[in-house]
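Residues per chain are reported as follows:
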Amino acid sequence: MTASAEHSVGRRPVPLRRIRADRRSTALDLHELWQYRDLWLTLARRDVTLRYRQTALGVAWVVVLPILASGLLTLAFGVIARLPTHGSPYFLFVVAGYLGWNAFQNTLQRAAGTLTGNASLVSRVYFPRILLPASVVLASLIDFLVGAALLLVVLAVRSELPSPQLLLLAPLLFLQVQLLALGLGLFAASLTVRFRDVQYVLPLLVQLLLFASPVAYAVDAVPSNVRPWYLLNPLAPMLDALRTSLLGRGGIEWGALATSAGVTLLLLVAGAAFFLSQDRRVADVI
C-alpha cells in the first residue's frame with residue numbers, strides 16, 4: 001500500500017511516504033455505520049422537515065396526496081373499467097394498494113437525488129455516503145404509518161378490520177418493498193452523479209411501472225395466460241400481499257412473493273456494491 005524513502009532537508013532526514021488506495025471501492029463497514037447512526041436520524045428528520053416547509057397544508061399532504069391519487073385511479077379503474085375488488089369498496093381497495101406504491105416510489109426517487117442534492121456536504125465532509133439514500137426510508141415509513149393508521153380507523157368503523165395474523169404481515173411486506181426501492185435507489189443515486197439524465201428518465205419509468213403493478217387492480221384480475229410474465233415484476237406480489245394484509249380480503253401469491261424476496265435481496269446487495277464501487281469518485285465528479 002505504501003512505499004517510503006528518505007531524503008534530506010538540510011541535515012535532517014525526513015521520511016517520504018507515498019500513499020495509494022489499496023482498493024478501488026469503499027468497503028461496507030457496519031461498525032462505522034452504527035457509529036454514524038445519529039447522522040442517519042438527523043438526515044431523515046431533515047428530509048421530513050424540508051419536504052413540507054413553506055407549504056399551506058404542511059404534513060397534511062401525507063394524507064391529501066394519496067387520497068387524490070387514489071380518487072383518480074378509482075375513477076379510471078373502478079368506475080370506467082369496473083375491475084373486481086374482492087368485495088371491498090373500490091376507493092379503500094385502491095388506497096390500500098397505493099400506500100405501498102407511494103412508499104416505493106418516494107424512496108426510489110428521493111434516494112436517486114440524495115448525492116446531487118447534497119453536493120456541498122458530500123464534497124467537503126467525510127461520512128459514509130450510503131447513509132444519504134438510506135435516510136429516505138424513515139420518511140417513507142412515517143408516510144406509510146399515517147396512511148395505514150387512517151385506513152385501519154375507517155375499516156374499524158365499518159367493522160371490517162383484518163385478522164391480527166394478516167396485520168402482522170404488513171410490516172414485513174413494507175420492509176420488503178422498502179429494501180427493493182433502496183436497492184434500485186442506490187443504483188440510481190450513483191448513476192445520477194455521472195449522468196444527470198437519470199433524474200429526467202426515472203420519473204417516467206416509475207409512472208410506467210405504476211400501471212404494471214397491482215395498485216388499482218388485483219393480481220388475479222390479470223389474464224391467467226399473462227400472469228406468469230406479469231409476476232416477473234418483483235413489486236407486483238408485494239403490493240398485492242400488502243393490500244391483502246391491510247384489508248383482510250384477497251389472496252397472496254406465496255411462490256411469487258418468495259421469488260420477489262430473493263430478487264429484492266439480490267438487487268439490494270448489487271445496488272450497495274455498485275454504490276460503494278463509485279463512492280471514491282463521487283466527490284470529484286459531483
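Coordinates for the structure precede this section.
All values derive from a computational prediction rather than experimental measurement. (Residues numbered from 1 in each chain as written. Predicted model: local features only at pLDDT ≥ 70, side-chain atom pairs only at ≥ 80, totals over all residues. Heavy atoms only, no water.)

1. Notes on the overall build of the protein
Consideration 1: Across its full length, the protein holds 12 helices and 2 strands.
Consideration 2: Listed by position from the N terminus, the elements making up the protein come as β-β-α-α-α-α-α-α-α-α-α-α-α-α.
Consideration 3: Across the 286 residues in the protein, those meeting the buried criterion constitute 41%.
Consideration 4: Sequence separation of 24 or more characterises 75% of the internal contacts of the protein that already satisfy a separation of 6 or more. (Helix = DSSP H or I, 4+ residues; strand = E, 2+ residues; numbered from the N terminus. Buried < 20%, exposed > 50% of the residue type's maximum accessible area, 1.4 Å probe, protein only. Contact = heavy atoms within 4.5 Å.)

2. Considerations on unusual backbone geometry
Consideration 1: Of note in this structure, Ser 159 is not a glycine but carries a positive phi near 60 degrees.
Consideration 2: Note on placement: Ser 159 falls in the loop between helix H7 (131-157) and helix H8 (164-194).
Consideration 3: The class for Ser 159 is exposed, based on a relative accessible area of 68%.

3. What to know about a nonpolar patch on the surface
Consideration 1: A cluster of nonpolar side chains, Tyr 200, Val 201, Leu 204, Leu 205 and Leu 208, forms an exposed patch at the surface whose accessible area comes to about 550 Å².
Consideration 2: On the secondary structure map, Tyr 200 appears in helix H9 (residues 198-211).
Consideration 3: Using a relative accessible area of 64% as the deciding quantity, one classes Tyr 200 as exposed. (Patch = residues over 30% accessible without salt bridge, like charges linked within 9 Å, V, L, I, M, F, W, Y side chains within 5 Å. Areas by Shrake-Rupley, 256 points an atom, 1.4 Å probe, with all protein chains shown as cover. Salt bridge = Lys/Arg side-chain N within 4 Å of Asp/Glu carboxyl O.)

4. Some points on the pattern of salt bridges
Consideration 1: On inspection of all chains with the given rule, the structure shows 4 salt bridges.
Consideration 2: Arg 158 is paired through a salt bridge with Glu 160; the nearest N and O atoms lie 3.1 Å apart.
Consideration 3: Judged by its relative accessible area of 41%, Arg 158 falls in the partly exposed class.
Consideration 4: Residues Asp 240 and Arg 243 are paired through a salt bridge, measuring 3.3 Å at the closest nitrogen-oxygen approach. With Asp 240 and Arg 243 both in helix H11 (residues 235-247), this residue pair falls 3 residues apart, about one helical turn. Arg 243 shares its class with Asp 240; the two are buried.
Consideration 5: Among the charged side chains, a salt-bridge network with shared partners connects Arg 158, Glu 160 and Arg 249.

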